[in-house]
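# Observations on chain architecture
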2 protein chains.
Amino acid sequence: MTTLASPTDTYPTRLDSDGRVIDRHGPVVHGGPADGPLDAGTLQHFDDKGYLLIDQLISDGELASMRQELTRISSDPQVRADERTVIEAASQEVRSIFDVHLSSDVFGAIARDPRVVGRARQILGSDVYIHQSRVNAKPGFTGKDFFWHSDFETWHAEDGMPTPRAVSISISLTDNYSFNGPLMIMPGSHRRYVSCVGPTPDDNYKSSLVMQGAGTPAHETLSAFAGDYGIDVLEGRAGGAIMFDSNCMHASNGNVTPYPRSNVFIVYNSVENTCVEPYAAPSPRPSFLGSRDFTPVG
Amino acid sequence: MTTLASPTDTYPTRLDSDGRVIDRHGPVVHGGPADGPLDAGTLQHFDDKGYLLIDQLISDGELASMRQELTRISSDPQVRADERTVIEAASQEVRSIFDVHLSSDVFGAIARDPRVVGRARQILGSDVYIHQSRVNAKPGFTGKDFFWHSDFETWHAEDGMPTPRAVSISISLTDNYSFNGPLMIMPGSHRRYVSCVGPTPDDNYKSSLVMQGAGTPAHETLSAFAGDYGIDVLEGRAGGAIMFDSNCMHASNGNVTPYPRSNVFIVYNSVENTCVEPYAAPSPRPSFLGSRDFTPVG
């Protein structure tokens, strides 16, 4: 079964026709400098580029405790057996653990922390809830790449998120060098929406967590975007963070260096943008990928 | 059949025991500032780091002609069918073409050019011959990584090169950014030789051109090397070049960006270091990988 995009959908995708590029509707930044910890210059940078960097978000003690927690839950047999954990087939190493704001006190605390929630609320101009959370571990030597995509395209198509009024934070638990597969963003790309080609298979998430298929932009579109926007490589120290708009075109290369990369990743959505039925998928993804609990946090 | 390393081999490798690290014997730079185009500072940098960068080696016109030649030979059915051409199975795109100093007038000319040969001769302190030449094309979007290795380890084990008195030049035909899978070198690693574990299979080169196996250092050794030396990411413009010692520990990450990478790669060996029987392989590799024609060039 294929659900066709609704005729009123202003961000159509997963259609059988050619992919196309649509201008974003509505603002990127909804709040002002008076509404939270981000100053006018930082908000402007976020508006222009679609992301912002925080040099040091958490203390060294918090960093140590989060690293310890990641090690602990990664080796917990119950966590490893949970469907919300993604394990690399070849190495049997943990790649991602979802829903950590619910399952871990340590990661739950940072997900509700005013330093994080205050910034998310300021950018989105409303109360926010957690759409998704996870910890990611990209091992050294064998870290896999992640191809270019807009998170919003997936969340819209498969989770029913109406508009890109959502923001992600990636808190670095390790140093990000240019050479260990850091996040790459095409700065400014968040202002254009790439409609992707091809229907969403049933239970697409089960394969897409391992290998990307539906929701992948065409090479021609990505080449044009790279020409228009360039590529920013987001280096930064452990304990720092990156916040980025849900519609940024982003990717990461693989990592053959000995330096692993891990981070805590939390997605905040505006309570004025709660999810409805998926726009281009047979049924919503499980709640650990797209939450249906819209209770404000923080 | 397995050929055991000779008892007089001062660079043993491919043994069944643990890998070990041996100090390099002999100098890195054999000539002085009076012997060629490289000044004292550049020679010192090469001695310390194991590599040097040339911002602009060739003119824009030469660059254009080399790019055109790469496009021409990559689409030539005879070249594509030749055993000296490596084609990516999935995409059917050309990844490497060997022996281009023999098969192409354009690449033959640069391989014999005084700008290149003069530098090689100065570093190696003698006349030089071409041990190997190739053009490499690393496509955008799907460029594969290349794992850490020392070229000399392979050339010693499989081609019978006695000592690391050889230098490679990589002339960039495209811009090298940190994000499109550039060469990474552990600066200073050329002073230590990593003996690798495991015997060399028959015709190892046939699989090793596609996937690396024998001649791969242990993860623990690489982690220790990264701690000791760090990692230099060699960015630079098209038309520039990198020269590096044959025993540098180097690698490159994959490339999901739209920016392809291509280069001309030529290996010069000292005529006082010509190849003998392989030190750790059943038989020498074909001449397009390790030449047996020791005639000086330039």
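Residues numbered from 1 in each chain as written. Chains lettered and ligands numbered in written order. Predicted model: local features only at pLDDT ≥ 70, side-chain atom pairs only at ≥ 80, totals over all residues. Heavy atoms only, no water.

- Taking an unreviewed UniProt entry as the reference, chain A is identified by name as Ectoine hydroxylase belonging to Luteipulveratus halotolerans.
- Under Catalytic activity (unreviewed entry), UniProt gives the following word-for-word description of chain A: "L-ectoine + 2-oxoglutarate + O2 = 5-hydroxyectoine + succinate + CO2".
- Word for word, the UniProt comment on chain A under Cofactor (unreviewed entry) is "Fe(2+)". (UniProt positions renumbered as here; feature names shortened; annotations may be inferred.)

## Description of the overall build of chain A
- Within chain A, the regular secondary structure consists of nine helices and 13 strands.
- Whereas a compact globule of 298 residues would reach a radius of gyration of roughly 19 Å, chain A reaches 18 Å, a difference of no more than 12%.
- Seen through its principal axes, chain A has C-alpha atoms that stretch 50 × 50 × 40 Å.
- The buried share of chain A, reckoned over its 298 residues, is 57%.
- Across chain A, every contact between residues at least 6 apart in sequence was considered, and the portion connecting residues at least 24 apart equals 86%.
- Side chains of chain A carry 24 positive and 37 negative charges; the gap between the two charge centres is 3 Å. (Helix = DSSP H or I, 4+ residues; strand = E, 2+ residues; numbered from the N terminus. Rg over C-alpha atoms; globule rule 2.2 N^0.38 Å. Buried < 20%, exposed > 50% of the residue type's maximum accessible area, 1.4 Å probe, protein only. Contact = heavy atoms within 4.5 Å. Lys, Arg positive; Asp, Glu negative; His and termini not counted. Charge placed at Lys NZ, Arg CZ, Asp CG, Glu CD.)

## Considering the interface of chain B and chain A
- Each partner contributes residues to the interface: chain B has 24 residues there, and chain A has 24 residues.
- Summed over both sides, the interface between chain B and chain A buries roughly 1900 Å², with carbon and sulfur atoms accounting for 69% of that surface.
- At the boundary of chain B and chain A, one finds eight residue pairs in polar contact (both at pLDDT 80 or more).
- Elements with a minimum of two residues in the side of chain B that touches chain A: strand S6 (146-150), helix H9 (219-229) and strand S12 (249-252) of chain B.
- When residues in the side of chain B that touches chain A are grouped by element, the largest group, five residues, is from H9 of chain B.
- Tallied by class, the residues present in the side of chain B that touches chain A amount to 14 nonpolar, nine polar and one charged. (Buried area = accessible area lost by both parts, 1.4 Å probe. Polar contact = N/O pair within 3.5 Å; in protein donor to acceptor, adjacent residues only side chain to side chain. Nonpolar A, V, L, I, M, F, W, Y, C, P; charged D, E, K, R; others polar.)

## Considering the side chain of Ser246 of chain A
- Here Ser246 of chain A shows up in the loop between strand S11 (241-245) and strand S12 (250-252).
- If we skip the residues at most four places from it in the chain, Ser246 of chain A touches Ser150, Asp151, Phe152, Trp155, Pro164, Arg165 and Ala166 of chain A.

## Considering the sheet that holds strand S13 (residues 261-270) of chain A
All names here are of chain A.
- On the basis of which strands lie adjacent, the open sheet formed by seven strands has the order S2-S11-S7-S13-S5-S4-S3 and antiparallel pairing. In this open sheet, the two strands that pair with only one neighbour each are strand S2 (51-54) and strand S3 (85-87). Across the sheet, the mean angle from the axis of one strand to that of its neighbour is 15°, orientation sign disregarded.
- Bridging between S3 and strand S4 (residues 94-98) involves three bridges; their strand directions are antiparallel. (Pairing = 2+ DSSP bridges. Axes fitted to C-alpha atoms, helices over the stretch in contact; angles between N-to-C directions.)

## Remarks on H9 of chain B
All names here are of chain B.
- Taken as a whole, H9 has its buried residues at Thr221, Leu222, Phe225 and Ala226. Down the axis of H9, the buried side of the element spans an arc of 135°, and every buried residue falls inside it. Exposed side of H9, more than 90 degrees from the buried face: Glu220 and Gly227 are the residues found there.
- The elements touched by buried residues of H9 are strand S1 (20-23), S6, strand S9 (192-195) and S12. (Arc of directions from axis to C-beta.)

## Observations regarding unusual backbone geometry
Residues and elements named next belong to chain A.
- A positive phi angle, near 60°, is found at Gln92, a position not held by glycine.
- By secondary structure assignment, the location of Gln92 is in the loop between S3 and S4.
- Relative accessible area serves as the criterion here: at 46%, Gln92 is assigned to the partly exposed category.

## Here's the deal with the relation of the copies chain B and chain A
- Overlay of chain B on chain A (RMSD 0.0 Å): rotation 180°, translation along the axis 0.0 Å. Those values place the two copies in the arrangement expected of a two-fold rotation axis.
- A share of 100% of interface residues in chain B that are also interface residues in chain A marks the association as one of identical surfaces. (Least-squares fit on C-alpha atoms with pLDDT ≥ 70 in both.)

## Observations concerning the environment of Gln122 of chain A
All names here are of chain A.
- Structurally, Gln122 is set in helix H6 (residues 114-124).
- Relative accessible area serves as the criterion here: at 0%, Gln122 is assigned to the buried category.
- A C-alpha to C-alpha distance of 25 Å links Gln122 and Asp105, two positions 17 residues apart in sequence.
- Setting aside its immediate chain neighbours within four residues, Gln122 contacts His30, Gly31, Gly32, Pro33, Asp35, Gly36, Pro37, Leu38 and Leu43.

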